[in-house]
Amino acid sequence: MRVKLCLELADNEFDAIVIGAGTAGLSAGAVLEKFGASYVILDKKKEIGVPVRSTGAVSLDWVRRIGMPQSKEIVSAEIRSMSFRTDKGNEISLSYDRTVGLVYDFTRYEKYLSREFAGPLNVRLETRVLDVNGNTVNTDRGTLSARNIIFAAGPQSNFGKKRSRNEVLVAYEEIRKAPPRADHQMVLWFSDRAPGGYFWDFAESGNSRKIGVCYYPVNGRQPRDVLKEFEAEYPEIQGECLSTMAHQIPLGEPDTTVVNGNYLYTGDMVNAVLNTTAGGLQGAFWTGKSAAEAVLSGNPMEYQGRWDSEIRPWLLKHHNLHRRMHRKGVKSISRLMTLAKLMPMSVKKKVFGGL
Ligand SMILES: Cc1cc2nc3c(=O)[nH]c(=O)nc-3n(C[C@H](O)[C@H](O)[C@H](O)COP(=O)(O)OP(=O)(O)OC[C@H]3O[C@@H](n4cnc5c(N)ncnc54)[C@H](O)[C@@H]3O)c2cc1C
């Protein structure tokens, strides 16, 4: 990688300030750390990886392709077998002779990114960014300045686009005490009770599983109630609740502009992730890393170039698939599943295993 950094720093001026210590901010920080840039990552939260923001499921092909961490200590389960179902009885189930997906222990995964992946990162927690003006970042703990600002503040932050109700899924997950499933490590159910989203059951370590639901909040119902109603019909997902998490998943069209001068926008702020096939974490990691690489090269527009040529087309492909899948609710999903069943098994495995 070309590194063209001006190393004589003005007082207190960093090469980059990263706003947000989620996956996007930490992957940016890892690149900046590795190549010796001066940077700081700011986050309002108290602890890395808390609150939990994600089920943590990622495609292993993608993990390898973009260099996400694979260390055993941060993986709570490996996915080798998966099933996509509708509550009308349609189903596609696939088993592999290799691991195709990982389920991260989210807190350990983010702590690992912040401490071990590229060495300890320069993170300042409990620091809320109030506004950004030119090269200056105003926080509730003072003012800093940098030649580049990487925004990695997540969905619906005070710096991101406010998305409308039909562009954001509400998501709710419980870690439940329940033995591992005998059949699959990942099951998704599509249902009109979760418009635009689905119910899920993911393997976790030991005797627990991750059970959740996401959907466009068009019916005004609480996710906890929607999940309760679903489990009454699917007792296989029942179990004592050990912990809960709730957050939002942006799901509109990915943004077109991610660089504005020396401001670079990453992660859920611009990704509009496609959760149906995972992707939020890899999109966040990929954009954070690409933004930091562009900063190091001295040309932020390199990130825009990669966004235009690689990242956005990937997101858009999934976005369009999601729109097609959910156009007429579970009816259109059933139709696509019927078509998918006609694919040769090798193609089906490639398509579903490498998303
Ligand atoms: C329930 C649920 C399940 C999911 N499951 C998966 C999955 O299995 N696989 C997958 O790939 N994706 C999944 N996703 C999506 C994935 O979690 C997100 O795409 C990803 O975490 C986004 O990372 P990010 O770094 O962009 O944002 P975030 O992780 O949201 O990080 C943003 C950070 O910015 C900080 N911040 C915001 N504003 C300020 C401010 N003003 N000052 C200082 N700090 C600030 C926040 O505190 C936060 O730490 C899931 C999401 C949800 C909600």
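Colleague: I tried to follow the overall build of the chain on my own but got confused; where do I start?
Modeller: Scanning the chain from N- to C-terminus turns up nine helices and 18 strands. In summary, the chain has a C-alpha radius of gyration of 20 Å against a globular reference of 20 Å for 355 residues, a match within 12%. Across its three principal axes, the chain shows a C-alpha extent of roughly 65 × 40 × 40 Å. Of all 355 residues assigned to the chain, the portion counted as buried reaches 45%. Here the analysis covers contacts within the chain between residues at least 6 apart in sequence; of these, 73% occur between residues at least 24 apart.

Colleague: Sorry, what's going on with the site of the ligand here?
Modeller: By nearness alone, 39 residues border the ligand, and G20, G22, G154, G267 and G280 come closest of all. For the shell around the ligand, the secondary structure elements donating two or more residues are α1 (23–34), β3 (57–59), β12 (168–177), β16 (240–250) and α6 (280–297). In terms of residue count, α6 provides more of the shell around the ligand than any other element does, four residues in total. Considered class by class, the residues forming the shell around the ligand number 15 nonpolar, 17 polar and seven charged. A domain split of the shell around the ligand shows at least three residues from each of domain 1 (13–53 + 107–159 + 256–326) and domain 2 (57–106 + 163–251 + 327–353).

Colleague: Please clarify how the environment of R80 should be interpreted in this entry.
Modeller: Assignment of secondary structure puts R80 in the loop between β4 (75–79) and β5 (81–86). Beyond its immediate sequence surroundings of up to four residues, R80 is in contact with S95, Y96, T99, V100 and Q185.

Colleague: Even after reading the chapter, I still don't get the domain arrangement of the chain, so can you show me in this structure?
Modeller: It is common to give the size of an interface as the accessible area lost on bringing the parts into contact. Under the domain assignment used here, the chain contains domain 1 (13–53 + 107–159 + 256–326) and domain 2 (57–106 + 163–251 + 327–353). Distance from the C-alpha centre of domain 1 to the C-alpha centre of domain 2: 25 Å. Contacts between the two partners involve 29 residues from domain 1, matched on the other side by 29 residues from domain 2. Broken down by secondary-structure element, the contributors of at least two residues to the side of domain 1 that touches domain 2 are α3 (106–115), α6 and α7 (301–326). For the side of domain 1 that touches domain 2, the per-class residue count stands at 14 nonpolar, eight polar and seven charged.

Colleague: Would you mind showing me how to read the sheet that holds β3 here?
Modeller: Sheet strands line up and pair through hydrogen bonds in the backbone, either parallel or antiparallel. An order of β3-β7-β4 is seen for the three strands of this open sheet, with the pairing classed as antiparallel. A strand with exactly one partner marks an edge of an open sheet, and here the two such strands are β3 and β4. Ignoring strand direction, the axes of neighbouring strands in this sheet form an average angle of 25°. The pairing of β4 with strand β7 (residues 101–104) spans four bridges and is classified as antiparallel. Across the sheet, E78 pairs through a bridge with L102, a residue of β7.

Colleague: What exactly am I supposed to notice about α6 here?
Modeller: Every α-helical turn comprises 3.6 residues, leaving residues that sit three or four positions apart pointing alike. Over its 18 residues, α6 extends 26 Å from the first C-alpha to the last, a length consistent with the 26 Å expected when each residue adds 1.5 Å. Taken across its 18 residues, α6 has 16 buried, putting it largely inside the fold. G298 sits one or two residues past α6 and shows a positive phi near 85°.

Colleague: Hey, could you run me through the pairing of strand β15 (residues 208–215) in this one?
Modeller: Along a regular strand, successive side chains alternate from one face of the sheet to the other. Within β15, eight of the eight residues are buried, which leaves the element mostly enclosed by the surrounding structure. Neither face of β15 is exposed, since S208, K210, G212 and C214 on one face and R209, I211, V213 and Y215 on the opposite face are all buried. As defined by bridge partners, β12 adjoins β15 across eight bridges and the pair is classed as antiparallel. When the sheet's bridge partners are listed, Y172 is paired in β15 with V213. Hairpin connection from strand β14 (residues 198–203) to β15: four residues lie between these consecutive antiparallel strands, with G206 at a positive phi of about 55°.

Colleague: Quick question: what am I supposed to make of the pairing of β7 here?
Modeller: Residues G101 and V103 line one face of β7 and the alternating positions L102 and Y104 line the opposite face, and both faces are buried. Relative to β7, β3 is paired through three bridges, and the arrangement is antiparallel. Following the sheet pairing, V58 is matched in β7 by L102.

Colleague: What is the right way to read the sheet that holds β15 from this model?
Modeller: Spatially, the seven strands line up as an open sheet ordered β6-β5-β13-β14-β15-β12-β16, and their pairing is mixed. Two strands bound the open sheet, and with one partner strand each, they are β6 (91–95) and β16. If you compare each strand with its neighbour and ignore which way they point, the axes differ by 10° on average. Strand direction decides the pairing type here: β5 and strand β13 (residues 186–190), joined by five bridges, are parallel. Paired with S83 across the bridge in β13 is V187. Strands in contact with helix α8 (residues 330–341) are β5, β6 and β13; relative to β5, the strand with the most contacts, it is inclined by about 135°.

About the criteria used
- Residues numbered from 1 in each chain as written.
- Predicted model: local features only at pLDDT ≥ 70, side-chain atom pairs only at ≥ 80, totals over all residues.
- Helix = DSSP H or I, 4+ residues; strand = E, 2+ residues; numbered from the N terminus.
- Rg over C-alpha atoms; globule rule 2.2 N^0.38 Å.
- Buried ≥ 20, exposed ≤ 12 C-beta atoms within 10 Å, placed from the backbone.
- Contact = placed C-beta atoms within 7 Å.
- Near = placed C-beta within 6 Å.
- Nonpolar A, V, L, I, M, F, W, Y, C, P; charged D, E, K, R; others polar.
- Domains from an automatic or database assignment.
- Pairing = 2+ DSSP bridges.
- Axes fitted to C-alpha atoms, helices over the stretch in contact; angles between N-to-C directions.
- Expected span 1.5 Å × (residues − 1).

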